Amino acid sequence: MFSRSATALAALFLLSAATLAQASDKPSDPQIAHIAYTAGVLDVEAAMQALKKSKNKEILDFAKDMVRDHEAVNKQAVDLVKKLNVTPEDNATSKALTKAAAEERATLAKLDGAAFDKAYVDNEVAYHKQVNGALETLLIPSAENAELKSLLETGLKLFQGHEQHAEHVAGMLK
């Protein structure tokens, strides 16, 4: 069963990204930095929730990987914006991601055991699919700074691996 809130999150992210792209033709580097950083923080928060609620070894291992990898990429992002003296700019996409993630965490908080595990990993599949799609089609092509673009491309490769890992874990739970 595909989580309704995961579907809503994915749709909201795409709608927000499309709206942002239409509003300003393409997001600026400070907006891209904020979107990418926010997406990473939100996945760490989701993983922390899984680490507190799940007892399933596969889910716990996956969540630990999400915390490690997203925190590492976000540290690189923070270091880069400091180096470039850029202030990340909050925007409609970042706000929509944050709101949808809070709603998803509230939904997941009501679940336990196998129901939580399945909903969490289904959301992770949907989330990574949508963030990876946004990286490929909007954020990377819109990035003007070569170092930012390179960091986003590196993140995309890593997050594509996350998507595959999440799909594998989801398959194990069926």
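Definitions and limits used
- Residues numbered from 1 in each chain as written.
- Predicted model: local features only at pLDDT ≥ 70, side-chain atom pairs only at ≥ 80, totals over all residues.
- Heavy atoms only, no water.
- Helix = DSSP H or I, 4+ residues; strand = E, 2+ residues; numbered from the N terminus.
- Buried < 20%, exposed > 50% of the residue type's maximum accessible area, 1.4 Å probe, protein only.
- Contact = heavy atoms within 4.5 Å.
- Areas by Shrake-Rupley, 256 points an atom, 1.4 Å probe, with all protein chains shown as cover.
- pLDDT = per-residue confidence, 0-100.
- Core = buried A, V, L, I, M, F, W, Y, C linked by side-chain atoms within 4.5 Å.
- Expected span 1.5 Å × (residues − 1).
- Polar contact = N/O pair within 3.5 Å; in protein donor to acceptor, adjacent residues only side chain to side chain.

### Topic: the overall build of the chain
Looking only at helices and strands, the chain has 6 helices and 0 strands in total. When each of the 174 residues of the chain is scored for burial, the buried share is 47%. Across the chain, contacts joining residues at least 24 apart in sequence account for 81% of those joining residues at least 6 apart. In the form shown here, the chain has an accessible surface area of approximately 8700 Å², with 58% of it arising from carbon and sulfur atoms.

### Structural notes on the confidence of the model for the chain
On average, residues of the chain score 88 in pLDDT, and 86% of them reach the 70 mark or higher. Ranking the helices and strands of the chain by mean pLDDT puts helix 2 (residues 29-53) first, with 96, and helix 1 (residues 4-24) last, with 47. Here residues 18-23 scores under 50 on pLDDT; set against residues more than four positions off or in separate chains, the count is 8 contacts.

### A few points about the nonpolar core
Counting residues in hydrophobic clusters, the biggest one holds 21 residues, and the most contacted among them are I32, L97, Y127, L135, L139, L148 and L152. For this core, the secondary structure elements donating two or more residues are helix 2, helix 3 (57-84), helix 4 (92-109), helix 5 (113-142) and helix 6 (146-173). Per-element accounting of this core gives the leading share, 6 residues, to helix 5. Ranked by size, the runner-up nonpolar core spans 18 residues in total, among them A50, F62, M66 and V67.

### So, helix 3
Here helix 3 spans 40 Å end to end across 28 residues, near enough to the 40 Å set by a 1.5 Å rise per residue. The N-cap residue of helix 3 is N56: its side-chain oxygen and the backbone nitrogen of E58 are 2.8 Å apart. Once helix 3 finishes, N85 follows within two positions and takes phi at roughly 55 degrees, a positive value.

### With respect to the side chain of H162
When you line up the elements, H162 lands in helix 6. Only 3.3 Å separates the side chain of H162 from the side chain of H70, close enough to count as a polar contact. Other than its neighbours up to four places away in sequence, H162 contacts F62, M66, D69, H70 and H128.

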